[in-house]
Amino acid sequence: MRINESTLVAAPPETIWNYLADPENYLRFMSGITHWEVVGDRVNGLGARYRILVRIGAAEVGGLIEMVEWSEPFDIAWHSVTGVDHRGRWRIREHGEGRSRIEFRFAYGVVGGGIAGVITELAAALTVRRQMRRTVRDLKRQVEHEQRRLEAERRRAARQAARA
Amino acid sequence: MYYVERPKGIRSAARRFVEERVSNRLSAHLEDRDPDYLREALPLLWLISTFYFRAEVRDIGNVPADRPALLVGNHSGGNVIVDTFIFSLAFSTYFGVERPFHQLAHNLAIAWPVAGDLLRKSGTISASHENAEQALAAGAPVLVYPGGDWETHRPSWRGNEIDFGGRKGFIRLALEAGVPIVPVVSIGGQETALFLSRGTRLAKTLRLDKLVRLKVLPISLGLPWGLNVGDFAGHLPLPAKITIEVLPPIDLEREFGPDPDVDEIYAHVTAQMQEALDGLAAERRFPVIG
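What comes next is a walk through the structure. (Residues numbered from 1 in each chain as written. Chains lettered and ligands numbered in written order. Predicted model: local features only at pLDDT ≥ 70, side-chain atom pairs only at ≥ 80, totals over all residues.)

### Thoughts on the overall build of chain B
Under the convention used in this document: The secondary structure listing takes helices from DSSP runs of H or I that are at least 4 residues long and strands from runs of E that are at least 2 residues long, numbered from the N terminus. Based on C-alpha atoms, the radius of gyration is set beside the globule rule, defined as 2.2 Å times the residue count to the power 0.38. Buried residues are those with 20 or more other C-beta atoms within 10 Å of their own C-beta, exposed residues have 12 or fewer, and partly exposed residues lie in between; C-beta atoms are placed from the backbone. Residues are scored as being in contact if the C-beta atoms we place from backbone atoms lie within 7 Å.
When its secondary structure is counted, chain B shows 12 helices and 10 strands. Here the C-alpha radius of gyration of chain B, 20 Å, is about what a compact globule of 290 residues would show, namely 19 Å. Of all 290 residues assigned to chain B, the portion counted as buried reaches 43%. By sequence separation, contacts in chain B at least 24 residues apart represent 76% of the contacts at least 6 residues apart.

Okay, structure coming up:
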């Protein structure tokens, strides 16, 4: 099952990248997430590993993930190492006038064939899609807030420099 | 030169064959657990838990992540112990199927043709002190239901009561193994059928306690049988909402000293579980619906 959610954000790719590169932010904007914990020495970057858990229905589902792509400031991708088989990607592209398009791609597979596997994938997709939509919306809100804070900081610095 | 023992006759060979089959079905071991099988069973368990039982497992992070523990649960649902499957699902998705996890069950549960195999492969082992010790020594959390058949067949109107029937073996097990006790409190299981009586007198009259270690012969109303005596073939559980809460670990030596009193620990554990069960019961507005 593959699910995509995207939106336009009033911020340049660098601001979005800085926000997404910090693992501490994930608990703030990812809907349904209950754990995003650094595993090992690398906090972020290629090869960084995290233990993640998302509440979907009756269970907290997740496992160990590893960052497999880290192309600043455009792409972050991960694959699951243990737990539910899945891949995820943040794709950030410039969209003109200081805006960017962010796309959250998520693909997962339920182990075990048969009708139960197919029904589980479809049933879980309802929750996953809803959570991804909320995630993208909350990410947009937080990044735009961060962008306004940065712009205000720059204006203050410019005013202080003019006075000096 | 090899000496091969030849069967003395068709009758003795047949008897040995049947004995082996029966003893295999009546036992389950640590190595029977199969993570791949469990992984493939999780989607179906998730579907049933999510949509049929609207299950919720709270605070599973209270199970120590890096050491063994004795998980002590209240037993509900007659012979169809849906809360065990729901807890196993929650454990496996939270910690991963790779982490060993065992549950103790009565030999009769393990002997069932299909469910028994599922239980074995998901880590269920025959209920005995030695098996539990072995699993804990191997570093795995072990789930036990001290109340056993006594508690799981209590009448539905006593569903919100912790009733271990005075069984304290789990405390000695935790003390000997030096592991903490983690209470696991569940509600809703006793609403999957209308449990009427444990049938203790009937079981005694039929000498079931002597023959198959059963002190009860429960009587209930359940699907698809209607009146169900014994619940040996199980029943189709009603879609009762199941909620499970995992309480913080109890470190016995730290809380009760180096020479703890078993009765005191028993009173403490059951009181804590009763308090949590009362809290869960207060959240419910209707039977079955939750």
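Structure's up, so let's keep going.
### Considerations on the overall build of chain A
When its secondary structure is counted, chain A shows three helices and seven strands. In chain A, the succession of helices and strands from N to C terminus is β-α-α-β-β-β-β-β-β-α. Each of the three principal axes of chain A carries a C-alpha extent, and together these read 70 × 35 × 25 Å. Each of the 164 residues in chain A was classed as buried or not, and the buried ones make up 23%.

### Re the sheet that holds strand 6 (residues 85–94) of chain A
What links the strands of a sheet is backbone hydrogen bonding, and the strands pair in either a parallel or an antiparallel sense. We count it as follows: A pair of strands is labelled paired if DSSP reports no fewer than 2 bridges between them. Orientation is described by lines fitted to C-alpha atoms, with helices fitted over the stretch in contact, and by angles between N-to-C directions that extend from 0 to 180 degrees.
Spatial ordering of the open sheet is given by 1-7-6-5-4-3-2 (chain A), a layout of seven strands whose pairing is antiparallel. Strand pairing shows two members of the sheet lacking a second neighbour, strand 1 (2–9) and strand 2 (33–39) of chain A, which therefore form its edges. Averaged over all pairs of adjacent strands, the angle between strand axes in this sheet comes to 20°, irrespective of strand direction. Each of strand 3 (49–56) and strand 4 (59–71) of chain A is contacted by helix 3 (residues 82–95) of chain B, which is oriented at about 15° to strand 4 of chain A, the strand it contacts most.

### What about the nonpolar core?
Inclusion rule: A set of buried Ala, Val, Leu, Ile, Met, Phe, Trp, Tyr and Cys residues, joined through C-beta atoms within 7 Å, is what we mean by a nonpolar core.
By size, the foremost hydrophobic cluster in this structure holds 89 residues, and its most contacted members are Leu70 and Ile86 of chain B. Apart from residues lying up to four places away in sequence, Leu70 of chain B is in contact with Leu136, Val142, Val144, Phe170, Leu173, Ala174, Val179 and Ile181 of chain B.

### A word on the packing of helix 3 (residues 114–163) of chain A against helix 2 (residues 35–52) of chain B
Basically, it comes down to this: Just so you know how the angles are binned, under 35 degrees is roughly parallel, over 145 roughly antiparallel, 65 to 115 roughly perpendicular, and the rest oblique. Whether a crossing is left-handed or right-handed is set by the direction in which the near helix is turned from the far one by less than a right angle, anticlockwise for left-handed and clockwise for right-handed.
At a closest axis distance of 9 Å, the pairing of helix 3 of chain A and helix 2 of chain B adopts a crossing angle of 55°. Judged by the inter-axis angle, helix 3 of chain A sits oblique to helix 2 of chain B. Note that helix 3 of chain A runs across helix 2 of chain B; the crossing there is left-handed. Between helix 3 of chain A and helix 2 of chain B, the residues in contact are Ala116, Gly117, Ile119, Thr120 and Ala123 of chain A and Pro43, Leu44, Trp46 and Leu47 of chain B, respectively.

### Concerning helix 2 of chain B
Think of an α-helix as turning once every 3.6 residues; residues three or four places apart then point the same way. Our working definition: Here the expected length of a helix is defined as 1.5 Å per residue gap, with one fewer gap than residues.
The terminal C-alpha atoms of helix 2 of chain B, which comprises 18 residues, lie 25 Å apart, in line with the 26 Å expected from a rise of 1.5 Å per residue. When we look at burial in helix 2 of chain B, the residues that qualify are Leu38, Ala41, Leu42, Pro43, Leu45, Trp46, Ser49 and Thr50 of chain B. Contacts made by the buried residues of helix 2 of chain B are with strand 4 and helix 3 of chain A together with helix 3 and helix 5 (115–121) of chain B. Arg54 of chain B lies just past helix 2 of chain B and shows a positive phi near 45°.

### Focus on unusual backbone geometry
Peptide bonds are mostly trans, and most non-glycine residues show a negative phi. A cis amide bond, omega -5°, links Glu72 of chain A with the succeeding residue Pro73 of chain A. For Pro73 of chain A, the location among the structural elements is in the loop between strand 4 and strand 5 (75–80). With omega at -5°, the peptide bond leading from Leu223 of chain B into Pro224 of chain B counts as cis. Residue placement: Pro224 of chain B occurs in the loop between strand 8 (219–222) and strand 9 (226–229). Backbone geometry at Arg54 of chain B places phi at a positive 45°, although glycine is not the residue there. Relative to the elements of secondary structure, Arg54 of chain B occurs in the loop between helix 2 and strand 1 (56–58). Of note, Arg207 of chain B is a non-glycine position whose phi angle comes to about 60°, a positive value. Note that Arg207 of chain B resides in the loop between helix 9 (200–205) and helix 10 (208–212). The class for Arg207 of chain B is exposed, based on 10 C-beta atoms found within 10 Å.

### Quick notes on the interface of chain B and chain A
The following threshold applies: Note that Gly is not counted as nonpolar here; it falls among the polar residues with everything else outside the nonpolar set of Ala, Val, Leu, Ile, Met, Phe, Trp, Tyr, Cys and Pro and the charged set of Asp, Glu, Lys and Arg.
If you look at the interface, chain B gives 19 residues, while chain A gives 17 residues. Counting only elements with at least two residues in the side of chain B that touches chain A, the list comes to helix 2, strand 1 and helix 3 of chain B. The biggest single contributor to the side of chain B that touches chain A is helix 2 of chain B, with eight residues. The residue makeup of the side of chain B that touches chain A, split by class, is 11 nonpolar, four polar and four charged.

### What about helix 8 (residues 169–177) of chain B?
All names here are of chain B. So the rule is basically this: The arc in question is formed by the directions pointing from the helix axis toward the C-beta atoms.
Among all positions in helix 8, only Phe170, Ile171, Leu173 and Ala174 are buried. Along the axis of helix 8, the buried positions cluster into a sector of 160°, meaning they face one direction only. Pointing more than 90 degrees away from the buried face of helix 8 are the exposed residues Arg172 and Glu176. If you follow the buried residues of helix 8, they end up packed against strand 2 (70–73), helix 6 (129–137), strand 5 (142–144), strand 6 (181–187), helix 11 (252–256) and helix 12 (262–283). Positive phi appears at Gly178, one or two residues downstream of helix 8, with a value of about 65°.

### Digging into the sheet that holds strand 10 (residues 243–246) of chain B
Residue and element names in this part refer to chain B. Overall, mixed pairing links the seven strands, which are arranged 1-10-6-2-5-3-4 in an open sheet. Two strands close off the open sheet at either side, each with one partner strand: strand 1 and strand 4 (124–126). Averaged over all adjacent pairs, the angle separating strand axes in this sheet is 25°, with direction ignored. Pairing analysis gives four bridges linking strand 2 to strand 6, with the strands arranged parallel. Bridge pairing in strand 6 links Val72 to Pro183.

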